[in-house]
Amino acid sequence: MARRGRLFAEPSGFAAELGDETQVHARAVIVGTGALKPPAVPQLSRAFAGEVAQLTAGDYRNPMAAGPGTVLVVGDGASGRDIAVDLARTHHVVLATGKPRRLFPERILGQRTWTWMDRLRLLSASAGSPVGRIMQATDPFPNRGRSFRVLRAAGIDIRPRLHGTDGRIAIFGDGSLVDVSTFIWATAYRNHDGGIEIDLGSPGLFFLFRPWQRNRASGLILGASRDSPPVVDAVLDHLRQSLPHRPDAPMNGERACSSSDCRN
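Conventions and cut-offs
- Residues numbered from 1 in each chain as written.
- Predicted model: local features only at pLDDT ≥ 70, side-chain atom pairs only at ≥ 80, totals over all residues.
- Heavy atoms only, no water.
- Helix = DSSP H or I, 4+ residues; strand = E, 2+ residues; numbered from the N terminus.
- Buried < 20%, exposed > 50% of the residue type's maximum accessible area, 1.4 Å probe, protein only.
- Contact = heavy atoms within 4.5 Å.
- Areas by Shrake-Rupley, 256 points an atom, 1.4 Å probe, with all protein chains shown as cover.
- Pairing = 2+ DSSP bridges.
- Axes fitted to C-alpha atoms, helices over the stretch in contact; angles between N-to-C directions.
- Arc of directions from axis to C-beta.
- Phe/Tyr/Trp six-rings, centres within 6.5 Å; stacked < 30°, edge-to-face > 60°.
- Lys NZ or Arg CZ within 6 Å of the ring centre and 35° of its normal.
- Salt bridge = Lys/Arg side-chain N within 4 Å of Asp/Glu carboxyl O.

Asks: Kindly report on the overall build of the protein chain, identifying the contributing residues and their values.
Replies: Across its full length, the protein chain carries 5 helices and 19 strands. Burial analysis of the protein chain (264 residues in total) assigns 38% to the buried set. Counting contacts in the protein chain only where the partners sit at least 6 residues apart, residues at least 24 apart contribute 59% of the total. When the accessible surface of the protein chain is split by element, carbon and sulfur atoms take 53% of a total near 15300 Å².

This is the structure:
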């Protein structure tokens, strides 16, 4: 498996230049790099003093990654809370929160909550549906001992949203201040589109595993089997329209057959 380098347009379609400088040419491309890959760091990070260490959730491996002193974890999603708990054993940790979140139990009646959500078709909710809009607004995730009550009991200082900075000083939404030595940004992730040097809406360019691409499950492994068929159908339609071949000729991957064995 070669590591993707860059994807660009050419007269016949697309070319992918891989990490070993090999080029692959295609008339259609499916981008399946997955969701929530590169962390998104806000512009606010540029305002901190140069001596303040800054990491992202992707950079963090263990408490040794943070230097001595107070550590501010910005973002109280699943990653931010996990990092805060891990650091609390060795550091004074401040957790800057964001929008209100809902945590649900990991298991209900012995079954994983994700299983129940799938059975109740909550994972099939589209982004524009009433259920989908509620889920996007609250961004619920499993409560693996990560409620604010448990975090406070672990010694974590929970603050409102980070509002600004002054050198090493973090300024929060309630006006409180904290002198910080290390910042860990666990605010958000963005789609992994690095290396794609063409318009993302270009004909022949298709995507899988994007958050809320079709529904709640789209960004999960669970959604791959459901999102793949319509994407593959769209790819085949694109190739049928762009390749010079007879309308009744089989596409690659389609079985060629005689009239006697292709009857309905």
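Asks: Could you give an account of the sheet that holds strand 15 (residues 169-172), with specific residues and numbers?
Replies: Spatial strand order, 14-15-16: 3 strands in an open sheet with antiparallel pairing. Here the strands that pair on one side only, and so sit at the sheet edges, are strand 14 (162-166) and strand 16 (177-179). For this sheet, the mean inter-axis angle between neighbouring strands, taken without regard to orientation, is 25°. Across 3 bridges, strand 15 lies against strand 16 in antiparallel orientation. Bridge pairing links A170 to V178 in strand 16.

Asks: Which residues make up helix 3 (residues 130-138), and what are the values?
Replies: Taken together, the buried positions of helix 3 are occupied by G132, M135 and T138. In a view along the axis of helix 3, the buried residues occupy a sector of 140°, so they form one face of it. Following helix 3 by one or two positions, D139 has its phi on the positive side, about 45°.

Asks: Any chance you could break down the environment of T56 for me, citing the residues and the numbers?
Replies: Note that T56 resides in strand 6 (residues 53-56). Judged by its relative accessible area of 11%, T56 is buried. The spacing of T56 and A186 is 130 residues in sequence and 6.1 Å in space, taken between C-alpha atoms. Apart from the residues lying within four places of it in its own chain, the contact partners of T56 are P39, V41, I184 and W185.

Asks: Which residues make up the packing of aromatic side chains, and what values do they have?
Replies: Both the distance between ring centres and the angle between the ring planes are used here to describe each pair of aromatic rings. Scanning the model with the defined rule gives 2 aromatic pairs in all. Here the aromatic rings of F104 and W114 are separated by 5.6 Å at their centres, their planes lie at 85°, and the arrangement is edge-to-face. Placement of the pair is F104 in strand 9 (residues 103-105) and W114 in helix 2 (residues 113-119), with a sequence separation of 10 residues. Here F183 and W185 contribute two aromatic rings whose centre-to-centre distance is 6.0 Å and whose plane-to-plane angle is 15°, an arrangement assigned as stacked. Note that R119 overlies the ring of W116, its terminal NZ or CZ placed 5.6 Å from the centroid.

Asks: Pulling in residues and values, what's your account of the environment of V24?
Replies: Along the chain, V24 turns up in strand 3 (residues 23-26). On the basis of relative accessible area, V24 is assigned to the partly exposed category, the value being 42%. Along the sequence, V24 and F14 sit 10 residues apart, while their C-alpha atoms lie 8.3 Å from each other. In this structure, V24 is in contact with F14, A15, A16 and L18, ignoring residues within four places of it in sequence.

Asks: Can you lay out the sheet that holds strand 6 for me, pointing to particular residues and giving the numbers?
Replies: The strand order 6-17-7-8-13 describes an open sheet built from 5 strands, whose pairing is parallel. Two strands bound the open sheet, and with one partner strand each, they are strand 6 and strand 13 (157-159). Across this sheet, the average inter-strand angle for adjacent strands is 20°, counted without regard to direction. With 3 bridges joining them, strand 8 (residues 93-96) and strand 13 adopt parallel strand pairing. If you follow L95 over to strand 13, its bridge partner there is I158.

Asks: Describe the pattern of salt bridges, with residues and values.
Replies: The full count for this structure, using the stated rule, is 12 salt bridges. Taken together, the salt bridges that share partners define one network made up of R6, E17 and E197.

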